[in-house]
Amino acid sequence: MKLSLFNSTLFIMIQNQYDNLYTTDMFDTTKVPDNINVSSYSSHLNLGCKIYVNNIFNYMRLDPTFDEGIACVTKGMHRRTLIKKKKKKPTSSAFNNSIDLDILMNIDRDKPRRVNIKIFNNERGTIQLSGCKECRDGNEAVSRIISELNKDYYVYRGGKFEKIQMYEGDICPKNVTIDMINTDYRIDMKIDRDKLYE
């Protein structure tokens, strides 16, 4: 039996605290031509604490409304998900020293936006984000995962409730770095990919 207790105001408080981790001056798009669209960016940062990825995989709550919050948790070849995905053939390249979280965000949006967060099992609490399209996506995703880590999770064992520890130390996000900016554009002509490959 698993039990999660959550203060409903926690996410708003944390969101206000970390709404300036990603700022527009971090994105140098001055050299990008006007006809090229910046579609998304990837980045990484440190939470400054040790994350217990096994506990996150086993106990972190998925959002049952499928509207906001964590919709999928993956560790190695194992997955807990609310998202219907095509089954993939298992490969030996899956990481076992990290977990992947698919986070849905729907604040002031027409439809939920999905951001992927990879959390590594190291002393720095390194996380990678991909799928962000604007600054607030990164800020909101980091705020969301921090609020989830700060929830109280319990498991019922031996006739009593035991608290599950999600991290050790103090969370202090730092060293935010933009790793890659993805772009797309049209050239208004047909490309023969077979000949291009040759």
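Computed from a predicted model, the values in this text were never measured in an experiment.

(A) Summary view of the overall build of the chain. Looking only at helices and strands, one finds four helices and twelve strands in the chain. In the chain, which comprises 198 residues, the proportion classed as buried is 39%. When contacts within the chain are restricted to residue pairs at least 6 apart in sequence, long-range pairs at least 24 apart make up 66% of them. Within the structure as shown, the chain displays about 12,700 Å² of accessible surface, and the carbon and sulfur contribution to it stands at 49%.

(B) Examining the pairing of strand β5 (residues 78-81) more closely. Sheet topology places strand β4 (residues 69-75) next to β5; four bridges connect them, and they run antiparallel. Bridge pairing in β5 places C72 opposite T81.

(C) Summary view of the sheet that holds strand β2 (residues 37-46). With antiparallel pairing, the seven strands of this open sheet are ordered in space as β5-β4-β6-β7-β8-β2-β12. Looking at the sheet topology across the chains shown, the edges are occupied by β5 and β12 (174-184). Within this sheet the neighbouring strands show an average axis-to-axis angle of 15 degrees, counted without direction. Taken strand by strand, helix α3 (residues 135-149) contacts β2, β4, β6 (98-105), β7 (113-120) and β8 (126-132), and its axis lies near 115 degrees from that of β6.

(D) Representation of the packing of aromatic side chains within the structure. Applying the stated criterion across every chain, the model contains one aromatic pair. For R80, the ring lying beneath its charged end belongs to F57, and the centroid distance is 5.9 Å.

(E) Region of interest: the state of the cysteines. Under the counting rule described, the total for this entry stands at zero disulfides. For C172, which is in no disulfide, the shortest distance to another cysteine sulfur is to C49 and amounts to 9.5 Å.

(F) Fine view of the pattern of salt bridges. A complete count under the given rule lists six salt bridges for this structure. K50 is the partner of E123 in a salt bridge, and the nearest nitrogen-oxygen pair spans 3.8 Å. Pair noted here: E123 is in the loop between β7 and β8 and K50 is in strand β3 (residues 50-51), with a separation of 73 residues, a long-range link. Linking E148 and K151 is a salt bridge whose minimum nitrogen-to-oxygen distance equals 2.9 Å.

(G) Structural view of the nonpolar core. Counting 38 residues, the largest nonpolar core has I119, L129, I145 and L149 as its most contacted members. Every element with two or more residues in this core is listed here: β2, α2 (53-59), β4, β6, β7, β8, α3 and β9 (152-157). It is α3 that provides the largest number of residues to this core, a total of six residues. With near-sequence residues (within four places) excluded, I145 lies in contact with M60, I70, L101, I103, I117 and I119.

Criteria and thresholds
- Residues numbered from 1 in each chain as written.
- Predicted model: local features only at pLDDT ≥ 70, side-chain atom pairs only at ≥ 80, totals over all residues.
- Heavy atoms only, no water.
- Helix = DSSP H or I, 4+ residues; strand = E, 2+ residues; numbered from the N terminus.
- Buried < 20%, exposed > 50% of the residue type's maximum accessible area, 1.4 Å probe, protein only.
- Contact = heavy atoms within 4.5 Å.
- Areas by Shrake-Rupley, 256 points an atom, 1.4 Å probe, with all protein chains shown as cover.
- Pairing = 2+ DSSP bridges.
- Axes fitted to C-alpha atoms, helices over the stretch in contact; angles between N-to-C directions.
- Phe/Tyr/Trp six-rings, centres within 6.5 Å; stacked < 30°, edge-to-face > 60°.
- Lys NZ or Arg CZ within 6 Å of the ring centre and 35° of its normal.
- Disulfide = S-S within 2.5 Å.
- Salt bridge = Lys/Arg side-chain N within 4 Å of Asp/Glu carboxyl O.
- Core = buried A, V, L, I, M, F, W, Y, C linked by side-chain atoms within 4.5 Å.

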